[in-house]
Structure formats: C-alpha cells, structure tokens
Amino acid sequence: MFISDHETATDMLQYEAIAKTVVKLIQGSPGVPVTIGVHGDWGAGKSSVLKMTQAAFEGKDGVLCIWFNGWAFEGFEDAKTVVLETIIDEIKRARPKVQKVKDAARKLFKRIDWLKAAKKAGGLAFTVATGMPTFGQIGDLIGAARSALGKSAADLTREDIEGFADETTGLFKDAEEDSVPAHIHAFRKEFVELLEAAEIKQLIVMVDDLDRCLPATAISTLEAIRLFLFVDRTAFVIGADEMMIEYAVKEHFPDLPPSAGPVSYARNYLEKLIQVPFRIPSLGVAETRTYITLLLVEAEYGADNEGFKKLLSAAREDMRRPWLSHGITPRIMEESMGKNVPQAADQAMVLAGQLTAMLAEGTKGNPRQIKRFLNSMMLRKEIGEARGFGGDISMKVLGKLMLAERFKADFFEEVAREASASDDGRSLRLKRLEEFVAASGALAPAESTKPGTLLRGKPGKPSVPEEIEDWVKIDWIHTWACIQPPLASIDLRPYIFVTRDKRMSLGGAGATSQLGQIADELMATPLKAKTAAQRARDLTAQAVKELFDTVRLRILEEDAFSTQPAGVVGLVELVKVRPELEGSLLEFAQELSADKLGAWAPAVFGNVFTDRTVQGEYQVVLKGWSDQTDNKTLKKAAELISQIKEKRG
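Every value quoted in this text rests on a predicted model; they were computed, and no experiment measured them. (Residues numbered from 1 in each chain as written. Predicted model: local features only at pLDDT ≥ 70, side-chain atom pairs only at ≥ 80, totals over all residues. Heavy atoms only, no water.)

A.B. asks: Talk me through the nonpolar core; I want residue IDs and the actual numbers.
C.D. replies: If you look at the biggest cluster of nonpolar residues, it comprises 85 residues, and the most contacted ones within it are Leu-374, Leu-403, Phe-411, Leu-433, Trp-480 and Leu-492. Apart from the residues within four sequence positions on either side, Leu-433 is in contact with Phe-411, Ile-468, Trp-471, Val-472, Ile-477 and Ala-481. Counting 50 residues, the second-largest nonpolar core is a separate cluster that includes Leu-194, Ala-197, Ile-238 and Ala-240. (Core = buried A, V, L, I, M, F, W, Y, C linked by side-chain atoms within 4.5 Å. Buried < 20%, exposed > 50% of the residue type's maximum accessible area, 1.4 Å probe, protein only. Contact = heavy atoms within 4.5 Å.)

Right, dumping it as structure tokens:
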C-alpha cells in the first residue's frame, strides 16, 4: 500500500475549482496573450492544479497544451533555449505531416541555433565585420552548426561551418543585427507564422517545478516566457512558489537597488511577468481530516473502487463549504463503503481523527508532507509484517509515536532510549507523564483505561514529578499525551525497531533534534536546502555522514526518479560545503536504477565532483547511462552532458 507523491487528477482538495477558473480565464480571451501564476508552498498541490487544467483542454479543436518541467533540465547550459526548442518541437510533433509547419519550425530552430552561437559574442560580432573570433566563440559556432546540420564534430568540414555562418547571418539581416527589440520582434513574428501554419488557435504552456530550479535556470526560463508575452494566442500557466522566484531574481540580479516603495523590485519583476496570480491555500483542520481519510482509503482499495468513488463524491460535497464541514462521518462511510464498513476503511477514519490536529499544525496544512507522513507510517507497518512481527504493531500506536518523532524528535528519542533499555519495552517517564496529565483532568492513567477509551481524571493541580519537569513545560507534549491510545503499558520496542532507519543515534537529544531539522530542510526547496547545507558546514565528520545517509534513505524511499526527487538538491548543496562526501554522492548515483531515471541525473551529478578520482569514476557511470538502450531519455541526456564535457575539456 503506497500513496503516490506525484501530481494527481483525483481531486481530494477542491483544487478543481482553481483549475476551472484558470480554464475559464484562458477560454474567455482565446486570442489574447496571458500569463497565469498558480502559487503555493512546496508540496501545496500546484502540479495537480496544472494537470487538471491540462486535462480540461485535451481534445479541444485548435488547442495545443504543452507541459514543460524546468527542473528536468536543471544543469543544462542554457535553459532559455531549451524552453524555446521544447515549445517549437512540440508544435512540430503535433502536426508531423504539414510541410508548412516543418518549414516554419526549421526557420525558428535556425534562429535559436544562432542564439546559441552568439550568446557569448553579444551578436554577430564574430562575423566578417569584426574579423577573428575568440576560441570560445568558435566553440559556440561549431556546436550550433553540429546541431543544425546533424553532424558530429569530426564530420564537420570548414565549408559546413562557413556555410552555416553565412546562412545564419543572412537570416538575421532583416532583424537589424544590432537591435535587440528588432530581433525580438522578428522572433515573435515568425512564431505567429508557425502557429498559423499549424492551425493552432490557442497554445497553452504549463510550466511546472520552476521553484525547484536554481536561480539561473528559473530566470532563464522566465526570460524565455517573456518573449511570448505579446504573442497572440499564447497562454502560460506557471506553477511556482512566488517567494522562491523572488529569491531567484535577487540572486540572479544582486545589484538591484533597494526598493523605494512598498513593493520590492523582485516582486515587481514577477508581477509584470504574471498577469493573473492564484494562491493555493493551506489545508485547515477539517480539510486535513478528510484528506487523510481519503488518502488511506484510496491506498487500500484503489481510485477505481466504487466505494471510494462514492466516498470521494460525498467528501467533495461536504467540503464545498469547509466552515460547515463535519468531515467523513460514520454515516457517510457506511453509505459509501457499505453497511458493514471494511476494517481498513474504518481504521482510516479512526487514524484521521487521531492524527489530524497535530499533523495539520505540524505540516501547516501541506498536502505533500501529509502524504509523506502517511507513507512512512504504512512502510513501517509493512516492515513489521515482512519481519514477522506485524501483529505486534498497532497503527494507532505507531501513528502517535511518529507524531512525536516527526515534530518533537528530542522528546521521542528520550522515550525510545528508555523503552529500549527496559526489560519490558516500557518508559517509566512516559507513564509518569500520562499519570500527571490524567490527574490534571485530561486523561486517565493507562492502567485504568481500556484501549481506545478517553476518560477524565480528577481536576486539580497535581505536583509535577521531578523526572518529567522538562516535558510538562512544553504544551505540545501535553497535547500529544492526551491523544489516544495511552502508551505507558505498551511494549514500544517493535515500534522503535521499525523507526531506527530514520533516527540518528549521536549520543544526545540536542544533536539528534538539530540534525533531524537540518535533514528536513535539505529535503525542502533549493533555498532551504542551501541554507541548511551552510548550517552543516561545522558539523563533525560522523554527524555530517549520518546526515547525508538520512537524506539519501528518504530519497530512495520514493522509488520514482523520472523527475528530480526532493532531497537531491540538498545532497548536492551538502557535498559542496563538505567535499569529503563526494564519494558518498557518487555511490548514491550508482544506486539509482537507470531504467527509472530522468534527464536531470547526468546534469545534476556532473557539476558537483571536483576530486579527480571521483570525476573519473563518475565518467564510468555516465558512460553506462549513455550506452544503455532501455531508457532513451536518460541516454540522450547523458550523451549531451558527455558532449558538453568533451567540448570544455
């Protein structure tokens, strides 16, 4: 049982309303260029909104919807030209038999090839007008000629290169070579000609994962989009965290003056590019409870199960007005799943009730973090089953312990350490905590309650046992202790065993808590990962190695690498500040299965290694990716990176 962490077309969060609004906006003015931003924190569901929007346009006459993932091209030399080439190539692929489309596309490809050649020269400075080009300009010209003529460097002749230079020079005479506005105008004019040849009434480009890119890639992608801002019949829908884009602008343009008004220059840049912004809100408590229940039921029975479909429909109806929501009640569950509600569905409802409040607060209503928590919980249950002690693990106990592990790691470590050292797997301090909370009027002692029962103790102000003074000062721990079931009488050793891969036993709760927090940040956005890596600069060699391994294990849990998984940027940033980990990063690259890898891998890993020995070993990995034939996307990316390195070498 596994919950997919990728974008989904199953709407459990009422994101369809946002998607429908975006679709209506685009359809309302089909000839007018528009750029729409779908904003939200990392993991908020931006990709799902984009997928729903794309699905709404499928099969529409005269409409072409293209998907572009900026993160997949992270590390390539010029993300701007990649965007342009992808859009033109997709239009060409949509009309493969139309000669006018081929001709118009070929013309634009040549213009882009010229852009590649002229990038470092600042125009046609390397032509006859200025005489001898530099070595770098010669390399750019040869690379562009190879791309345009479809030949290898060894097969190119002097006549090929000179002919290519003459042809591109002639192509740009009408664009007034020294005039940037005229050049942009020419590109837009030719692009409109391509749309007309392809009989495309409206081109829609979905730009995803832009906020995961490093600043240079994000800005290059936005600059490419800017070329289309005034091209009729084009619409761009950009999924990104606006705060991350603002950061990218500041990083890429460090000399921007401080703002003189209420809006920063970085924000102005974004607002001029994105005409219509939509912000995805965080989940509230009611929405989180419904979401957890739906995720668990879908994971158990599948999205095509009739009972789940009825449950989803009822939940969506209930969530139309979240402020009036009652969540998925037993009655709704019976009406959807049958009078005799299956055990797994009933357990999903119970777990949702148990976890919701603290999970909603701890994740700040972030859908992806909620999914990861539930996936980790189910994975650990499966570990227990595989090892033969699954019957010793209750999901309610496991869920409660994992809340402590996730949000109060130092507290969890103290409980785990004491339970592991005892003969019966129980924690005496935890028993004292539950007794104190019960005496305070919240929960009866574990010994006097039946499993799953919540009772009130006698009200009053009991004295605090000395051994738990530090715990009772923390409101979070007090609230956690009130969650069912009580744990004082439970053998916690099976639960601790299945969590040991995530715990860093560094001999001190403070260190463990610190490293756990850094690991979480390394799994987050590029900005947070970079900041977290800087915090790891002064850690001991043992600590930083355990930190690396923790993030590595979390990444490998995903088992889906067609797009760059969360945490890879964190590992890269960590290696940059601690070069002694280069060997560990190489081993991680070798662990990844070639048949599951996307185009991101060759570029990301190839730019990190500085040690000559590690560089040599990585070339072997890169060659293996280039030689394999099962994964064409990986093969092409590896070959391209190899060519770039040969050119630079």
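A.B. asks: Before we move on, could you go through the pattern of salt bridges and cite the residues and values that matter?
C.D. replies: Proximity of charged atoms lets side chains of opposite charge pair with each other. In this structure the tally under the stated criterion is 32 salt bridges. Among the ionic pairs, Glu-90 bridges to Arg-93, the shortest N-O distance being 2.7 Å. With Glu-90 and Arg-93 both in helix H3 (residues 79–94) and three residues apart, this pair spans about one turn of that helix. Judged by its relative accessible area of 29%, Glu-90 is partly exposed. Here Asp-520 makes a salt bridge to Arg-554, at a shortest N to O gap of 2.6 Å. Placement of Asp-520 in helix H22 (residues 509–522) and of Arg-554 in helix H24 (residues 541–558) is noted, with a sequence separation of 34 residues between them. (Salt bridge = Lys/Arg side-chain N within 4 Å of Asp/Glu carboxyl O. Helix = DSSP H or I, 4+ residues; strand = E, 2+ residues; numbered from the N terminus.)

A.B. asks: Go over helix H14 (residues 343–363) with me, naming the residues and quoting the values.
C.D. replies: Within H14, the axis deviates most sharply at Thr-356, by approximately 50°. Within H14 the residues assigned to the buried category are Ala-345, Ala-348, Met-349, Leu-351, Ala-352, Gln-354, Leu-355, Thr-356, Met-358, Leu-359, Ala-360 and Thr-363. Next to the buried residues of H14 lie helix H11 (285–301), helix H13 (330–337), helix H15 (367–387), helix H16 (395–407) and helix H20 (475–481). (Bend = angle between axes of the 7 residues up to and from the residue.)

A.B. asks: Tell me about the pairing of strand S2 (residues 63–69), and name the residues and values.
C.D. replies: The two faces of a sheet get side chains in turn, since along a regular strand they alternate between them. Burial within S2 is extensive, with five of its seven residues counted as buried. Sheet topology places S2 next to strand S3 (residues 202–208); seven bridges connect them, and they run parallel. Each bridged residue has a counterpart across the sheet, and for Val-63 the counterpart in S3 is Gln-202. (Pairing = 2+ DSSP bridges.)

A.B. asks: I'd like a description of the side chain of Thr-293, backed by residues and values.
C.D. replies: Turning to its location among the elements, Thr-293 is positioned in helix H11. Residues in contact with Thr-293, not counting those within four places in the same chain, are Ile-328, Met-333, Ala-348, Met-349 and Ala-352.

A.B. asks: Can you explain the packing of aromatic side chains? Please cite residues and give values.
C.D. replies: Throughout the structure, instances matching the rule amount to seven aromatic pairs. For the ring pair Phe-411 and Trp-471, a centre distance of 4.8 Å and an interplane angle of 85° mean the geometry is edge-to-face. Here Phe-411, found in helix H17 (residues 409–421), pairs with Trp-471, found in helix H19 (residues 469–472); they are 60 residues apart in sequence, far enough to count as distant. Accessibility assignment for this pair places Phe-411 and Trp-471 in one class, buried. On the basis of an interplanar angle of 80° and a centroid distance of 6.2 Å, the ring pair of Tyr-618 and Trp-625 is categorised as edge-to-face. For Tyr-618, a relative accessible area of 1% translates into the label buried. Residue classification places Trp-625 among the buried positions, given a relative accessible area of 4%. Grouping aromatic residues by their ring pairs yields a cluster made of Phe-411, Trp-471 and Trp-480. In this arrangement the basic side chain of Lys-400 is found over the ring face of Trp-480, its NZ or CZ atom lying 4.8 Å from the centre. (Phe/Tyr/Trp six-rings, centres within 6.5 Å; stacked < 30°, edge-to-face > 60°. Lys NZ or Arg CZ within 6 Å of the ring centre and 35° of its normal.)

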